[in-house]
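Tertiary structure, described
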Amino acid sequence: MTDVSMRIWRGDATGGGFQTYTISQNEGEVVLDVIHRIQATEAPDLACRWNCKAGKCGSCSVEINGKPRLMCMTRMDQLPEGPVTVTPMKAFPIIRDLVTDVSFNYAMAEKIPALLPPPMPVGGYRMFQADVERGQEFRKCIECFMCQDVCHVIRDHEENKAHYAGPRFFIRVAELEMHPLDTNDRREFVRDEMGLGYCNITKCCTEVCPEHIHITDNAIIPLKERVVDAHYDPIAWLGRKIKRRVITSSADAAVQPAP
Amino acid sequence: MTDSPYEHHQYDVLIIGAGGAGLRAAIEAKQRGLKVGIITKSLLGKAHTVMAEGGMAAAMGNVYSEDNWMVHFRDTMRGGKMLNNYRMAELHAKEAPDRVWELEQWGALFDRTTDGKILQRDFGGHRYARLAHVGDRTGLELIRTLQQKVVSMGTDVFMECKVLKLVHDDDGRVAGCVAYWRPSGEFVTFEAKAVIIATGGAGKSWKFTSNSWEGTGDGHAMALWAGAQLIDMECIQFHPTGMVWPLSVRGLLVTEGVRGDGGVLRNSEGQRFMFNYVADMFRAETADSEDEADKWYDDHSAGRRPPELLPRDEVARAINTEVKAGRGSPHGGVFLDIGSRRSAEFIRRRLPSMYHQFMELAGVDITTESMEIGPTCHYIMGGVKVDAETAATRVAGLFAAGEAAGGMHGANRLGGNSLSDLIVFGKRAGEGAAAYVESGEAARGFNMGEVDEAVREALEPFEREHGENPYDVQRDLQEMMQANVGIIRTGSELDNALVQLDGFTERVKNLAVKGGRAYNPGWNLATDLPSMLTVSRTTALGASDRKESRGGHTRDDFPKADPEFGKFNLAHSSNGGNWDSPITTDRAPLLAIPEELKALLEEAK
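Residues numbered from 1 in each chain as written. Chains lettered and ligands numbered in written order. Predicted model: local features only at pLDDT ≥ 70, side-chain atom pairs only at ≥ 80, totals over all residues.

1. What to know about the overall build of chain B
Counting its regular elements, chain B contains 17 helices and 18 strands. Over its C-alpha trace chain B gives a radius of gyration of 23 Å, about what one expects of a compact globule, namely 25 Å for 605 residues. Its C-alpha atoms give chain B principal-axis dimensions of about 70 × 50 × 50 Å. Considering only contacts within chain B whose residues lie at least 6 apart along the sequence, 74% involve residues at least 24 apart. (Helix = DSSP H or I, 4+ residues; strand = E, 2+ residues; numbered from the N terminus. Rg over C-alpha atoms; globule rule 2.2 N^0.38 Å. Contact = placed C-beta atoms within 7 Å.)

2. Looking at the overall build of chain A
Each helix and strand in chain A was counted, giving ten helices and seven strands. Its C-alpha atoms give chain A principal-axis dimensions of about 70 × 45 × 30 Å. For chain A, buried positions account for 44% of its 259 residues. Of the contacts formed within chain A by residues at least 6 apart in sequence, a portion of 63% connects residues at least 24 apart. (Buried ≥ 20, exposed ≤ 12 C-beta atoms within 10 Å, placed from the backbone.)

3. Some words on the domain arrangement of chain A
All names here are of chain A. What the domain assignment reports for chain A is domain 1 (2–100) and domain 2 (103–242). A straight line from the C-alpha centre of domain 1 to that of domain 2 covers 31 Å. When its residues are assigned to classes, the side of domain 1 that touches domain 2 shows seven nonpolar, three polar and two charged. (Domains from an automatic or database assignment. Nonpolar A, V, L, I, M, F, W, Y, C, P; charged D, E, K, R; others polar.)

4. Things to note about the interface of chain B and chain A
Residue-level contacts link 52 residues of chain B with 54 residues of chain A. Secondary structure elements with two or more residues in the side of chain B that touches chain A: helix H3 (86–105), helix H4 (138–152), helix H11 (352–362), helix H14 (470–484) and helix H16 (521–545) of chain B. Among the elements that make up the side of chain B that touches chain A, the one with the highest residue count is H4 of chain B (six residues). When the residues that make up the side of chain B that touches chain A are grouped by side-chain class, the tally is 22 nonpolar, 17 polar and 13 charged.

5. Description of the sheet that holds strand E3 (residues 56–57) of chain B
Residues and elements named next belong to chain B. Across the sheet, which stays open at both edges, the three strands sit in the order E3-E5-E4 with antiparallel pairing between neighbours. With one partner strand each, in any of the chains shown, E3 and strand E4 (120–121) form the two edges of the open sheet. When E4 meets strand E5 (residues 131–132), the two strands line up antiparallel, connected through two bridges. When the bridges of E5 are listed, Gln120 appears paired with Ala132. (Pairing = 2+ DSSP bridges.)

6. With respect to H11 of chain B
Residue and element names in this part refer to chain B. All buried positions along H11 are accounted for by Met354, His356, Gln357, Phe358, Glu360, Leu361 and Ala362. Where H11 is buried, its residues contact strand E11 (236–243), helix H6 (257–260) and strand E14 (371–380). Residue Gly363 follows H11 closely and has a positive phi angle near 65°.

7. A few points about the domain arrangement of chain B
For interface size, the figure often reported is the accessible area lost on association. Residues and elements named next belong to chain B. For chain B, the domain assignment lists domain 1 (7–237 + 378–448), domain 2 (239–377) and domain 3 (450–567 + 577–589). Between the C-alpha centres of domain 1 and domain 2 the distance comes to 29 Å. Counting from both sides, the interface comprises 26 residues of domain 1 and, opposite them, 25 residues of domain 2.

8. A short note on unusual backbone geometry
Residue Pro246 of chain B is bonded to the preceding Trp245 of chain B through a cis peptide linkage, with omega at 0°. Mapping Pro246 of chain B onto the fold places it in the loop between E11 and H6. Positive phi, normally seen in glycine, also occurs at Glu143 of chain A, with a value near 55°. By the element assignment, Glu143 of chain A lies in the loop between helix H3 (129–139) and helix H4 (146–150).

9. What to know about the pairing of strand E7 (residues 161–168) of chain B
Residue and element names in this part refer to chain B. Burial runs high along E7: eight of the eight residues are buried. As judged from the seven bridges shared by E7 and strand E8 (residues 174–181), these two strands associate in the antiparallel manner. Across the sheet, residue Val167 finds its bridge partner in E8, namely Gly176. As consecutive antiparallel partners, E7 and E8 are separated by five residues, and within that stretch Gly172 has a phi angle of approximately 90°, a positive value.

10. Description of the sheet that holds strand E17 (residues 568–574) of chain B
Residues and elements named next belong to chain B. The four strands are arranged E15-E10-E17-E18 in an open sheet whose pairing can be described as antiparallel. Edge strands, defined here as strands with exactly one partner in the open sheet, are strand E15 (383–384) and strand E18 (583–589). Here E17 runs beside E18; their pairing, made up of seven bridges, is antiparallel. Each residue of the ladder has a partner; that of Ala571, found in E18, is Asp586.

11. Observations regarding the pairing of strand E2 (residues 36–39) of chain B
The side chains of a regular strand alternate, first on one face of the sheet and then on the other. All names here are of chain B. Because side chains alternate across E2, one face comprises the buried residues Val36 and Ile38, and the other comprises Gly37 and Ile39, equally buried. Across four bridges, strand E1 (residues 7–16) lies against E2 in parallel orientation. Bridge pairing in E2 links Ile16 to Ile39. For the segment spanning E1, helix H1 (residues 20–31) and E2, crossover handedness is right-handed. (Right-handed = clockwise from strand over helix to strand, strands pointing away.)

12. Observations concerning H14 of chain B
Residues and elements named next belong to chain B. In a regular helix each residue adds 1.5 Å, so 15 residues correspond to 21 Å; H14 covers 21 Å between its end C-alpha atoms and thus fits that length. Residues of H14 that are buried include every one of Pro470, Val473, Gln474, Leu477, Met480, Met481 and Asn484, and no others. Angularly, the buried residues of H14 cover 130° about the axis, an arc narrow enough to put them on a single face. Buried residues along H14 sit in contact with helix H15 (491–508) and H16. (Expected span 1.5 Å × (residues − 1). Arc of directions from axis to C-beta.)

13. Brief notes about the nonpolar core
Nonpolar side chains tend toward joint burial in soluble globular proteins. Among the nonpolar cores identified, the biggest contains 253 residues, and Val13, Val195, Ile196, Phe399, Ala400 and Ala401 of chain B are the most heavily contacted of them. When sequence neighbours within four positions are dropped, the list of residues in contact with Val195 of chain B reads Leu14, Ile16, Leu166, Val174, Gly176, Cys177, Gly397 and Leu398 of chain B. (Core = buried A, V, L, I, M, F, W, Y, C linked by C-beta atoms within 7 Å.)

14. Comments concerning the confidence of the model for chain A
Residues of chain A with pLDDT of at least 70 account for 93%, and the chain-wide mean is 92. Scored below 50 in pLDDT, residues 247–259 of chain A shows 29 contacts in the model against residues more than four places distant or in partner chains. (pLDDT = per-residue confidence, 0-100.)

15. Structural notes on the environment of Lys162 of chain B
Residues and elements named next belong to chain B. In this structure, Lys162 sits in strand E7. Sequence separation of Lys162 and Tyr86 is 76 residues, and the distance between their C-alpha atoms is 34 Å. In contact with Lys162, not counting residues within four places along its chain, are Lys41, Ala179, Tyr180, Arg182, Asn524 and Thr527.

16. Focus on the packing of helix H5 (residues 218–225) of chain B against H16 of chain B
All names here are of chain B. For the pair H5 and H16, the least separation of the axes is 8 Å and the interaxial angle reads 80°. The angle between the axes of H5 and H16 places the two elements in the roughly perpendicular class. Contacts from Asp218, His220, Ala221 and Leu224 of H5 reach H16 at Asp528, Pro530, Ser531, Thr534 and Val535. When grouped by side-chain class, the residues that make up the contact of H5 with H16 number four nonpolar, three polar and two charged. (Axes fitted to C-alpha atoms, helices over the stretch in contact; angles between N-to-C directions. Parallel < 35°, antiparallel > 145°, perpendicular 65-115°, else oblique.)

17. Digging into the environment of Ile220 of chain A
Residue and element names in this part refer to chain A. On the secondary structure map, Ile220 appears in helix H9 (residues 215–232). Along the sequence, Ile220 and Ala114 sit 106 residues apart, while their C-alpha atoms lie 19 Å from each other. The residues touching Ile220, leaving out its near neighbours within four places in the chain, are Pro167, Phe170, Cys199, Ile201 and Ile215.

This is the structure in structure tokens:
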């Protein structure tokens, strides 16, 4: 057992600062273990989010030594020697200590037009592994929101949140657009309402994704291509004028009885 | 409108818990046109459902066309050691396929067979490959699908809101609840015509557990306090394969899918020891040589099942025995080996998060090295006693579904039956609650006296200057329960546990909390501890009274199943309705199984 120095940001929306805790650390521990030990001993009111402690729920996102990380998957023995600095995610408003207000993400999720599948045949739909795999990659997302945190469009520009959805929701739209059963069309939505054009593919989101989803290459770039095809191809433009089919609310469309 | 001094909301159907059962119930009630609210202690999408890995069991017959609901029913009842509510097991087996197919309409993307159907995987206790899955992250797929459906329907979700207690009307019907917002610490009241408990499990009372901080049994406890009964609380599932090293992740789940996909258990002598632990009940259908077992994976007609795929209670006890006999691994578990049996490519494709989990947390490459694993507290079969058809409790206006409800799984749950339980009985609870609301029998009035009392109790720890740190009490409780009410139990230790629980009750009455009310985990824990104590006490009482071994309840001093004890559930009731009120335990006879279903159970194989 060795001692480690933890510099943890503590405070709330009105302000705060770093507090340093010197605390024991055991073999194989992750940052969340050490945070829990601080809670159980010196600071029972130290606020942090966590649930599964297995990298599956995406609750314990913070910034460790300035980089977005899951506390439960960051081993202490793989961090550089010296004090470990833990701060809340920068892109979201502070609630308390390491906990931020991530409601922006939940509000954005509500706006996305849902899956619109054809009626289900008896015995279920037929889909093939190669076709579902594209969407499955994006559905690995654990909603840790670290891609949102690192995206400079909103990290440094709070005002952009009004018209920019962020990488998490680009992969959500990509997943729906590539879904073998979907008949909805979100290309205008992703351009006009989600601000896809603001992304200039610096791949910061891909780098921090704990699920190693190829956010930029497999979701954002193909989406940009689809939007471009839809808007700047004159034949597609004409087709759109003649037959428009965008369903923005699925509340009535997606309710279908099981077989 | 009730005159509440707090933020106040009104709903037709209020659902406590936003895991698979709660979300599925919400969809159902919402589709009936009712006003639905969901309360969750965490953020939406983080519930424990997300941790489920292997899959959801449904006899769709996509891989083995011989499979059907009757076989699934039989497997579930035998796995539960016949302590199940047979009607729940029957409905579950019949309805699970439709509930799984329905998820695809809402966007779920399951792994496929070569002809494009939903692929199904083998799991312990299931006669055929039956689990619909997405690699080893099926729970994430389930919760995300339901979450996105709920969001698309415009349902109100109250996140990071902790319910303290249910509230009644003047006639004793459940009429809502009192809660507080974790971010602000402000209290909030919810008035509802029907309340559905979907709060999940209670494993946080044990030291080595796969459960998150949320698994404190809040729903179990508040239902008991509100007048409902809890059954089978002694039946706790210790999942055979939890990580044992590093110590910080001890208890973390390793999916049964590892064994379903070919992984085997070995002791320190390299022996596949499970062949030595095949109970008579399963002998006819279990392979008796490694050669026979290995043929089974590719073709279930070429051999009988490997003993590694016996129900979880059997495997967990065997591992426990091997370790006690000195044939364990260096860190007190046994070895789970898939690396020597399957290609690295196969393992990474089928078990990606297990690969990731061991690589990142233990520095073990499971494609070449064995995993060290041991039993971990995983699931509580026991829960709120409900009506199979409607999920109604004996208290008017109160319903329960999912892990918080009891009966479906009997004394032991089969892997894969919990995700399907959530969607089958989540839907039924939504229907049951909606029908109750529509009947016009629902609550009138809202007892503010109960609210005031709950608020007063919740705030008491702030007023004590020299009380105890809630974290100390929680740690000691977990150690006590692990030591005395763990995987193998004995009368004297259970008596000791009951005495010690009295001491814990006094300690909880003397908790002190530092800091303010806004996002204060110490205070949050102080408000969870009464639930944890109620769960711990009912488990210890049930374990003490059930003088036999059955499923997830093993008594060293009564090592065999006793047919007399197989005729009833132990049902607990609260006398007084407070968290420290006395609890009485009665024998509630099992439902009689109709002859035609009995015939299914008695078939030779």
